[in-house]
Amino acid sequence: GEAAIALAKKEKLNTTRTVNNGRIDVPSILIEPIPVDKNNLYRIDTVSYSPALVGGFTLADPQHIGIGGLAFADNRLFGLANGFGAGGLYEFNQSPAQATLAFDFMAPTGVLGTDTDPTDGRLWWINTGGFNPMPQLFSMDVVTNSVSFQGVGPPGVWFAGAAFDNGGNLYG
């Protein structure tokens, strides 16, 4: 954390060790590695950028290859699983870390972005994959857990994420 900030500010680092790279001793800061796994859930401190492991989870379908997007809706944490054969929408219990399949897509998925509409609490996501490679828009009523397909984006238009403003306008 602190060393990364100092480097970004082009400040001199205080090092206490050296590591020989085969030619010279290089001043070094050794840090404890943090295991990162597609099946771990972390809470990230936004001040120090330190991840704290909440716990591991197992996805219900072996075709689901990892979570591609997370968003809170109605104080519940949802994640969208990417998959070559199928994808799914999961609800995460944070204590203990557990994933429950809320909706199963019967087509390949690749999540491009997810967010919650602040005006009505619906969870929205942009997906690519399935039988139509163009971006697809979905929403979910988190009270009834009903998922709605909203439409397909125009050819050649791709999105790098999804975010709502306070007025309920979706950007991607």
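As the structure is a prediction and not an experimental result, all values here were calculated from the model.

Quick notes on the rules
- Residues numbered from 1 in each chain as written.
- Predicted model: local features only at pLDDT ≥ 70, side-chain atom pairs only at ≥ 80, totals over all residues.
- Heavy atoms only, no water.
- Pairing = 2+ DSSP bridges.
- Helix = DSSP H or I, 4+ residues; strand = E, 2+ residues; numbered from the N terminus.
- Axes fitted to C-alpha atoms, helices over the stretch in contact; angles between N-to-C directions.
- Buried < 20%, exposed > 50% of the residue type's maximum accessible area, 1.4 Å probe, protein only.
- Polar contact = N/O pair within 3.5 Å; in protein donor to acceptor, adjacent residues only side chain to side chain.
- Contact = heavy atoms within 4.5 Å.
- Phe/Tyr/Trp six-rings, centres within 6.5 Å; stacked < 30°, edge-to-face > 60°.
- Salt bridge = Lys/Arg side-chain N within 4 Å of Asp/Glu carboxyl O.

1. A few points about the sheet that holds strand β8 (residues 97-105)
Taking strand neighbours across the sheet as the criterion, the four strands line up as β5-β6-β7-β8 in an open arrangement whose pairing is antiparallel. For this open sheet the edge positions go to β5 (64-73) and β8, each flanked by a neighbour on one side alone. Strand-to-strand twist of the sheet, defined as the mean angle between neighbouring strand axes without regard to direction, takes the value 30 degrees. Pairing of strand β7 (residues 87-94) with β8 involves eight bridges; the strand directions are antiparallel. The residue bridging G87 from the neighbouring strand is F105, located in β8.

2. Quick look at the side chain of T116
Take T116: it is sitting in strand β9 (residues 110-116). The exposure class assigned to T116 is buried, which follows from its relative accessible area of 15%. Looking at T116, its side chain comes within polar contact range of the main-chain oxygen of F72, at 2.3 Å. In contact with T116, not counting residues within four places along its chain, are A71, F72, A73, G121, R122, L123 and F164.

3. Things to note about the packing of aromatic side chains
The description of two aromatic rings rests on the distance between their centres and on the angle between their planes. All chains considered together, the criterion is met by four aromatic pairs. Their ring planes at 75 degrees and their centres at 5.0 Å tell us that F57 and F92 sit as a pair that is edge-to-face. Residue F57 is located in the loop between β4 (51-56) and β5, and its partner F92 is located in strand β7; the two are separated by 35 residues in the primary sequence. Accessibility classification places F57 together with F92 in one group, the buried group. Judged by centre distance (6.3 Å) and plane angle (65 degrees), the ring pair of W124 and F164 falls under edge-to-face. You can see W124 sitting in strand β10 (residues 123-129) and its partner F164 sitting in strand β13 (residues 163-164), a full 40 residues away along the chain.

4. Let's talk about the pairing of strand β6 (residues 76-83)
In summary, the side chains of a regular strand alternate between the two faces of the sheet. For β6, the tally of buried residues reaches eight of eight residues, placing the bulk of the element in the interior. Once β5 ends, the chain turns through two residues before running back antiparallel as β6, passing D74 with a positive phi of about 55 degrees. Pairing of β6 with β7, which is carried by five bridges, proceeds in the antiparallel orientation. By the bridge assignment, L77 is partnered in β7 with F92.

5. Things to note about the pattern of salt bridges
Overall, the coordinates contain three salt bridges when judged by the stated rule. In this structure, E91 engages R76 in a salt bridge whose closest nitrogen and oxygen atoms are separated by 3.0 Å. Placement of E91 in strand β7 and of R76 in strand β6 is noted, with a sequence separation of 15 residues between them. Overall, E91 belongs to the partly exposed group, its relative accessible area being 24%.

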